[in-house]
Amino acid sequence: MCGIVGAVAARQVSGILLEGLRRLEYRGYDSAGMAVIDQGQIGRVRRVGKVQSLAEALAKHPLTGTLGIAHTRWATHGVPNEVNAHPHMSGERLAVVHNGIIENFESLRDELIGAGYTFSSETDTEVVAHLLDREVSAGKSLREAMRAVIQYLEGAFALGVVHADYPDQLVTARKGSPLVIGVGIGEHFIASDQLALLPVTDRFMFLEDGDIACLTPDSVEVEDGSGQSVDRAVTRFEHGAGSAEKGAFKHFMLKEIYEQPAVMASVMEGRISDGHLLEQAFGVEAKALFDRVRQVQIVACGTSYHAGMIAKYWIEELVGIPCMVEVASEFRYRPVVLPEGTLFLTLSQSGETADTLAALREIRSRVIGTLAICNVPGSSLVRESDLALMTNAGPEIGVASTKAFTSQLVALMLTTLALGRRFGLSDTREREILAAFAQLPALLERLLALDPEIEQMAAQFAEKHNALFLGRGTLFPVALEGALKLKEISYIHAEAYPAGELKHGPLALVDKDMPVVTVAPTNAMLEKLKANMQEVRARGGELFVFAGQDQSLRDEPGINLIRLPSIPIILEPIAYTLPLQLLSYHVAVLKGTDVDQPRNLAKSVTVE
Ligand code: HGA
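Before going into details, it helps to say that this report is about the structure given with it. The model shown is predicted, which means the values in this text are computed figures rather than measured ones.

What follows covers the overall build of the protein. Within the protein one finds 19 helices and 27 strands. For 608 residues, the compact-globule estimate of 2.2 N^0.38 gives 25 Å, and the protein sits close to it at 26 Å. Expressed along its principal axes, the backbone C-alpha trace of the protein runs to roughly 85 × 55 × 45 Å. Residue burial in the protein is summarised as follows: out of 608 residues, 62% are buried. Taking the contacts inside the protein whose residues are at least 6 apart along the sequence as the reference set, 71% of them involve residues at least 24 apart. In the form shown here, the protein has an accessible surface area of approximately 22700 Å², with 50% of it arising from carbon and sulfur atoms. Side chains of the protein carry 56 positive and 75 negative charges; the gap between the two charge centres is 4 Å.

Set out below in structure tokens:
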């Protein structure tokens, strides 16, 4: 995932741009570049690799000037090399940086070649530079040119453009990819996120999809998709949001639970356009690799393994190809049989999980390709896999994983859709699913409102020594994850079972001292689940039920019920995870454990 920075000021901007790029490094990139306008000329420097390589190049060839744009690239079209690095230019007078994917770039490129333009890169972005030049050459202002050009573009984009004939204008536009305007005094900025601009401002304006803005040192003028001039609110940066600071929260874990609505949006940002998935988001080689996939082998550890288990339900239902899931520490040490056409998919928050990494290294030569779903760009897993999809969850400090898990699930659904297309999943179904996923931020906000009720429920666990978690279908891995959270941070022994297994053994454990947590959404499995709950009640077990809208389940003696809002079935595993995270959190706080650093556990398990 790449990043953009831009500045228009009265002072020199190259230092501001470079620091902005450094602050975007966490997003991952393969090359970096900068263009600055000085005395009517554009100076440009680009380098493959780290921002530090760009910094060293700039030390030798400094770029002076008060208007500029810069970029870190994560290639989607064309290999990572200097020619493909941004900014891209049309002629000598116009430069553009772009975050996103222009889906119709091939037809636009053919049209531009027909009009006499020559292309120097393999990127989709270069069409934007030439389209803008064509409009400016036809007499439009830079801003009018941007308005005209974005009408031609299909896909997702955040754009920053400078032109040597407009030495005090930075023109920007966004649709589907993140972009924020930093508001200063006598200077203005753009960036992919607020963190990039914190050294220069704490006031930000967020553009909406389809907006265009024209920044000068003294003004910011925004127009919406219909060309109407609009005011977008200026807000102050809230310290702690998305960063490695606790802010007002008592623990990182609680902060990270509460970040999940925003995280759901950032996993999808720039990867969906007009209701469908942009599969190039997986990387340059994605299409060629996905075309050859016939089954999927997922390997992961701990919480990530539970995410993989949910993906198995999704892949087998929506794609209709086999999906195997295994914990890495088992997989890597046994002789595995992998059929032709296996995509090897690893999941890890840190990308350094020793067993997962070892499994990848072991198997790489025996599969058609490898995909890592990971939260840390530049991690070993990402570097060593053919494709990578970042979960964009931001730093996760609490040892017990929360937002990393739910963001992995969103990334896994995007993977499911990319594969599903090749096996008959209709465009309509893909759009329905993505429309449901678009509701996630709002839905998770509503679930967070249940926090006080969940905190009350937690009081009944503080004295317990054991707990049982039950679920069916995709909610079985959710139950496993709920039990793992409780174990990890409250040290209460917890087990999870598919509810249908109850009578095959664990029912023997049920008595008045064994709380049984049940995730019971209103879906096709509910009637079966209710029968399992009766089995518990009949043995004097106390039920703690997270229920859907089905009214036959009631709060009554022996049944403690928290009712969740109505939730689309496809979102159930993500939605039902959140109350279980809160339950574990509050139990741990009541027990007085070290919530963020539970005993004996480490965040990134880099040893086997
Ligand atoms: N499609 C452009 C920009 C890539 C990007 O946004 N990455 O996250 C390219 O391939 O250069």
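Still more ground to cover, so stick around.
In the region of the ligand, 14 residues are neighbours, and Arg 73, Trp 74, Thr 76, His 86 and Gly 100 sit closest. Between the ligand and the protein, one listed contact pairs an oxygen atom with a side-chain N or O atom of Asn 99 at 2.9 Å. Ranked by residues supplied to the shell around the ligand, first place goes to strand E6 (residues 94-102) with three residues.

Here the focus is the pattern of salt bridges. This structure, assessed with the given rule, holds 33 salt bridges. Across the pair Arg 334 and Glu 326 runs a salt bridge, and its minimum N-O distance is 2.7 Å. Notably, a salt bridge pairs Glu 535 with Lys 503, separated by 3.3 Å at the nearest N-O pair. Placement of the pair is Glu 535 in helix H18 (residues 526-538) and Lys 503 in the loop between strand E24 (493-498) and strand E25 (515-520), with a sequence separation of 32 residues.

What follows concerns the nonpolar core. Of all hydrophobic cores here, the largest spans 95 residues; its most connected members are Phe 282, Phe 437, Phe 469 and Phe 546. In this structure, Phe 282 is in contact with Leu 277, Phe 290, Leu 371, Leu 387, Ala 388, Leu 389, Leu 414, Thr 415 and Ala 418, ignoring residues within four places of it in sequence.

So, about the sheet that holds strand E13 (residues 220-223). For sheets, the rule is that strands pair by backbone hydrogen bonds, running either parallel or antiparallel. Spatially, E5-E6-E7-E8-E12-E13-E14 is the arrangement adopted by the seven strands of the open sheet, whose pairing is antiparallel. The sheet terminates laterally at strand E5 (88-90) and strand E14 (229-230), the two strands that pair on one side only. Pairing analysis gives four bridges linking strand E12 (residues 212-215) to E13, with the strands arranged antiparallel. Opposite Leu 215, over in E13, you have Val 220 as the bridge partner. Taken strand by strand, helix H5 (residues 142-152) contacts E6, strand E7 (155-163), strand E8 (170-175), E12 and E13, and its axis lies near 160 degrees from that of E7.

Turning our attention to helix H4 (residues 125-137). Because an α-helix packs 3.6 residues into every turn, residues spaced three or four apart end up facing the same way. With 13 residues, H4 should cover 18 Å at 1.5 Å per step; its first-to-last C-alpha distance of 19 Å lies within 8% of that length. The buried count for H4 comes to 11 of 13 residues, which makes it a mostly enclosed element. The complete set of buried residues in H4 reads Thr 125, Glu 126, Val 127, Val 128, Ala 129, His 130, Leu 131, Leu 132, Asp 133, Glu 135 and Val 136. Residues of H4 that are buried sit in contact with E5, E6, helix H3 (105-114), H5 and E7. Once H4 finishes, Gly 139 follows within two positions and takes phi at roughly 110 degrees, a positive value.

So, on to the packing of aromatic side chains. Per the counting criterion, the structure on display carries six aromatic pairs. Each ring, one from Phe 461 and one from Phe 544, has its centre 4.6 Å from the other, and the planes form 55 degrees; the classification is tilted. With a gap of 83 residues between them, Phe 461 in the loop between helix H16 (451-458) and strand E23 (466-471) and Phe 544 in strand E26 (residues 542-547) connect regions that are remote in the sequence. Looking at Phe 461, the relative accessible area reads 0%, which means it is buried.

Take H3 next. Phe 105, Leu 108 and Leu 112 are the residues of H3 that are buried. Buried residues of H3, viewed axially, fall in a sector of 65 degrees; they line one side. More than 90 degrees from the buried face of H3, the exposed residues found are Asp 110 and Gly 114. The secondary structure elements touched by the buried residues of H3 are E6, H4 and H5. A positive phi of about 100 degrees marks Gly 116, the residue just after H3.

We now examine the sheet that holds strand E20 (residues 342-348). The parallel open sheet is built from five strands, whose spatial order is E19-E18-E20-E21-E22. For this open sheet the edge positions go to strand E19 (323-327) and strand E22 (387-390), each flanked by a neighbour on one side alone. Across the sheet, the mean angle separating the axes of adjacent strands is 20 degrees when strand polarity is ignored. Sheet analysis places strand E18 (residues 295-300) next to E19, joined by five bridges and oriented parallel. When the bridges of E19 are listed, Gln 297 appears paired with Met 324. Lying over the sheet, helix H9 (residues 302-319) contacts E18, E19 and E20, oriented at roughly 170 degrees with respect to E19. Against the sheet, helix H11 (residues 354-363) touches E18, E20 and strand E21 (369-374), its axis set at about 160 degrees to E20.

Once that is clear, we can look at unusual backbone geometry. Of the consecutive residues His 86 and Pro 87, the connecting peptide bond is found in the cis state with omega at -5 degrees. Mapped onto the secondary structure, Pro 87 falls in the loop between strand E4 (67-73) and E5. Look at Asn 392: it is not a glycine, yet its phi comes out positive at around 55 degrees. Structurally, Asn 392 is set in the loop between E22 and helix H13 (403-420). Despite not being glycine, Tyr 491 shows a phi value in the positive range, around 65 degrees. Here Tyr 491 is to be found in the loop between helix H17 (475-490) and E24.

Here we take up the side chain of Thr 356. Tracing the backbone shows Thr 356 in helix H11. With near-sequence residues (within four places) excluded, Thr 356 lies in contact with Val 299, Ala 300, Cys 301, Ala 328, Thr 346, Leu 347 and Leu 381.

Moving on, we get to the pairing of E12. Residues Ile 212 and Cys 214 line one face of E12 and the alternating positions Ala 213 and Leu 215 line the opposite face, and both faces are buried. Summarising the sheet, E8 and E12 pair through four bridges and their orientation is antiparallel. Bridging across to E12, Ala 173 finds its partner in Ile 212. Hairpin remark: E12 followed by E13, antiparallel, with four residues in the connecting loop.

Basis of the calculations
- Residues numbered from 1 in each chain as written.
- Predicted model: local features only at pLDDT ≥ 70, side-chain atom pairs only at ≥ 80, totals over all residues.
- Heavy atoms only, no water.
- Helix = DSSP H or I, 4+ residues; strand = E, 2+ residues; numbered from the N terminus.
- Rg over C-alpha atoms; globule rule 2.2 N^0.38 Å.
- Buried < 20%, exposed > 50% of the residue type's maximum accessible area, 1.4 Å probe, protein only.
- Contact = heavy atoms within 4.5 Å.
- Areas by Shrake-Rupley, 256 points an atom, 1.4 Å probe, with all protein chains shown as cover.
- Lys, Arg positive; Asp, Glu negative; His and termini not counted.
- Charge placed at Lys NZ, Arg CZ, Asp CG, Glu CD.
- Near = heavy atom within 4 Å.
- Polar contact = N/O pair within 3.5 Å; in protein donor to acceptor, adjacent residues only side chain to side chain.
- Salt bridge = Lys/Arg side-chain N within 4 Å of Asp/Glu carboxyl O.
- Core = buried A, V, L, I, M, F, W, Y, C linked by side-chain atoms within 4.5 Å.
- Pairing = 2+ DSSP bridges.
- Axes fitted to C-alpha atoms, helices over the stretch in contact; angles between N-to-C directions.
- Expected span 1.5 Å × (residues − 1).
- Phe/Tyr/Trp six-rings, centres within 6.5 Å; stacked < 30°, edge-to-face > 60°.
- Arc of directions from axis to C-beta.

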